[in-house]
Amino acid sequence: MNNMIGAVDIASRIDSLRELIRYHDYKYYAEASPEISDYEYDQLMHELLHLEDEHPELIREDSPCRRVSGQPLEEFTSVPHAMPMLSLDNTYSYDDLRAFDNRVRKGLGQEEVEYVVELKIDGVGASLIYQQGIFQQGLTRGDGVVGDDITLNLRTIHAIPLRLNEPIDVEVRGEVYLPVKGFERFNASRIAQKEPPFANPRNAAAGSLHLLNPALVSKRPLSIFIHSLGYAPDWTISTHDDTLNRLQELGFAINPFRKLLVGIDRVIEYCQECEQLRTDLGYEIDGTVVKVNTLEFQKQLGSTNRSPRWAVAYKFTAQQATTLLRDIIVQVGRTGALTPVAIVEPVEIGGAKISRATLHNEDEIKRKDIRINDRIIIERSGDVIPKVVGVLPATGERGERNTPFVFPVACPECGAAVVRPEGEVKVFCTGINCPAQRQRRIEYFASRGCMNIEGMGTSVVKQLLE
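None of these values were measured; they are calculated from a predicted model.

## Let's talk about the sheet that holds strand E3 (residues 114–121)
Adjacent strands of a sheet pair through backbone hydrogen bonds, lying either parallel or antiparallel. Across the sheet, which stays open at both edges, the five strands sit in the order E2-E11-E10-E3-E9 with mixed pairing between neighbours. Of all the strands in the sheet, just strand E2 (90–91) and strand E9 (258–262) have a single pairing partner and so form its edges. Taken together, the seven bridges between E3 and strand E10 (residues 285–292) define a ladder with antiparallel strand orientation. By the bridge assignment for E10, Val 116 is matched with Lys 291. The sheet contacts of helix H3 (residues 94–108) involve E2, E3, E10 and strand E11 (311–315), and relative to E11 the element is tilted by about 175°.

Following this line, the structure appears as structure tokens:
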């Protein structure tokens, strides 16, 4: 009888510890308002670990101690999404937002439409699947139709609840990200270990989620914000805003910066407010997302093959910096197209260290009169692709500049003649056996969008060819 009472007490204590840790995880990671110190939290975890080690028969999959579990994977399994994970159309001006609003109102036959405006987290999309409130599976976006099963890696993220506050079946979608301070500490540790740092938090998050060893992922300070409902056929809530409130009740981390607004003018005002927030948030954003609030209206508007008609991303003004143009090189692509690339004095734009930027083509260089040793303006268009947008006036006593750049008349890789077809802005290498074209074609063939040959990157292809 005493043994039975002891077993009941231990099971009860284990359940109590799990609930306490889940509660404090939510307060810390979802609400950013911790109620206990790190030491007190660690003591709870240590006690739970000890009790589960002593009583393995009481271990459950949703235990906080199971966040890092399982052997390293050999590869990820591809899994179809129950409902496609579509990408968003991007807009870069308020005129574009007004055009979006016109299309929505025309499609619905409404004078005014209620929108939800949220921050666009600069991270990596993920889908989380729960059965009876227990986290079962997590997928990357992949190509929108099929994603990689990264369940073990996602289990290491404390902001993802392993068990919800209610036993329901639901799929949710969110954005995995690295907080700025965590990213800086992580990069500092990589540099100390003589490992190359990541260019920005988004790249670090993406690289982390595709590690095959969850124990390594657990050492990276990843977090997540849930932004939408996925496949949930029994969902009865009628608006997106109420859906987010409900998901927060279930235990998900929902970004606090969102507003329910009627009319595109108020939407634009809030987008302007959000752009002023971006440097003070502690995590990176690259815009806002504007969504029709009523779920029935979303259904009526539908989607294209690529993106929903009821939502759009407004990208903030591209960030710029000035730097020195050290050199111009010409790269040869898989089709033989020659593309000029600017080699610049490294400069940081939006958290990324930029040392190269596209010059597009010969005509763009001439039009902007870009020359080596010029001071130039670099822009990350849509916060992604660095490009040269202009040249600063020459300074100094004489204000002298280098001679204009001359585009090559022969392929820089194989020496074959280059041609520019009539009406084209691109110049092409005519070499049948051009090594650069061969390498780019093999890289493209091995890429994820084609044959998806793992490990067949640029360096490997180059070694094989040599």
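## Describing empty space enclosed by the protein
Scanning the model with the defined rule gives one cavity of 30 Å³ or more in all. Within this model, the largest cavity holds a volume of roughly 30 Å³. Forming the walls of the largest cavity are Glu 362, Ile 365, Lys 366, Phe 405 and Phe 407. Looking at the lining of the largest cavity residue by residue, the class counts come to three nonpolar, no polar and two charged.

## A short note on the confidence of the model for the protein
As a note on interpretation, predicted positions should not be read in detail where pLDDT is low. With 93% of its residues at a pLDDT of 70 or more, the protein shows a mean pLDDT of 88. Counting contacts from residues 1–5, a segment whose pLDDT is below 50, to residues more than four positions away or on other chains yields zero contacts.

## Looking at the environment of Glu 296
Along the chain, Glu 296 falls in helix H10 (residues 295–301). A sequence separation of 58 residues divides Glu 296 from Ser 238, and the C-alpha atoms of the two residues are 7.1 Å apart.

## Topic: the packing of helix H12 (residues 435–446) against helix H13 (residues 458–465)
Closest axis-to-axis distance for the H12/H13 pair is 10 Å, and the angle between their directions is 130°. Considering their axes alone, H12 and H13 lie oblique with respect to each other. Seen along the crossing, H12 lies across H13 with a hand that is right-handed. Together, Arg 438, Gln 439, Ile 442 and Glu 443 of H12 and Thr 458, Val 461, Lys 462 and Leu 465 of H13 make up the contact between the two elements. In terms of residue class, the contact of H12 with H13 is made up of three nonpolar, two polar and three charged.

## Regarding the sheet that holds strand E4 (residues 124–131)
Read from one edge to the other, the open sheet built from four strands follows the order E5-E4-E7-E8, with strand pairing classed as antiparallel. Each having just a single partner strand, strand E5 (134–140) and strand E8 (223–229) make up the two edges of the open sheet. Mean inter-strand twist for the sheet, computed between neighbouring axes without regard to direction, equals 35°. Summarising the sheet, E4 and E5 pair through six bridges and their orientation is antiparallel. Residue pairing across strands places Tyr 130 opposite Phe 135, the latter belonging to E5.

## Quick look at the environment of Thr 339
Within the secondary structure, Thr 339 sits in strand E13 (residues 337–349). We classify Thr 339 as partly exposed; its relative accessible area is 28%. The spacing of Thr 339 and Phe 76 is 263 residues in sequence and 35 Å in space, taken between C-alpha atoms.

## Things to note about unusual backbone geometry
Here the phi dihedral of His 360 falls at roughly 70°; this positive angle occurs in a residue that is not glycine. Tracing the backbone through its elements, the reader meets His 360 in the loop between strand E14 (352–358) and helix H11 (362–368). A residue is classified by how much of its surface remains accessible, and His 360, at 37% relative accessible area, is partly exposed. In this structure, Asn 452 takes a positive phi of about 55° despite not being glycine. As for its position among the elements, Asn 452 is in the loop between H12 and H13.

Reading the values: the criteria
- Position labels on residues start from 1 in each chain and follow its written sequence.
- Per-residue local features are limited, in this predicted model, to residues with pLDDT of at least 70; the limit for side-chain atom pairs, both in listing and counting, is 80 or more; totals at the level of whole chains, interfaces and linings are taken over all residues.
- Values reported for side chains reflect all heavy atoms of the structure, with hydrogen atoms and water molecules removed beforehand.
- For two strands to count as paired, DSSP must find a minimum of two bridges between them.
- Elements are defined by DSSP. Helices are runs of H or I of four residues or more, strands are runs of E of two residues or more, and each kind is numbered from the N terminus.
- Throughout, a contact is declared for two residues whenever any of their heavy atoms are within 4.5 Å.
- Every angle, taken between N-to-C directions, lies between 0 and 180 degrees, and every axis is a line fitted to C-alpha atoms, over only the stretch in contact when it is a helix.
- The pocket and cavity definitions rest on a 1 Å grid over protein atoms only: a 1.4 Å probe that fits but cannot leave marks a cavity, an open set with protein on both sides within 12 Å along at least five of seven lines marks a pocket, and residues lining either have an atom within 4 Å of a point.
- Grid points are joined across faces, edges and corners, and a volume is the space filled by probe spheres set on the points.
- Under the grouping applied here, Gly and all other residues not named as nonpolar or charged are polar, the nonpolar ones being Ala, Val, Leu, Ile, Met, Phe, Trp, Tyr, Cys and Pro and the charged ones Asp, Glu, Lys and Arg.
- The pLDDT value expresses, per residue, how confident the predictor is, ranging between 0 and 100.
- An angle counts as roughly parallel when it lies under 35 degrees, as roughly antiparallel when it exceeds 145, as roughly perpendicular when it falls between 65 and 115, and as oblique in every other case.
- When the near helix sits turned anticlockwise from the far one by under a right angle, the crossing is termed left-handed; a clockwise turn instead gives a right-handed crossing.
- Partly exposed describes any residue whose relative accessible area lies between the buried limit of under 20% and the exposed limit of over 50%, with all areas from a 1.4 Å probe on protein chains only and scaled to the type maximum.

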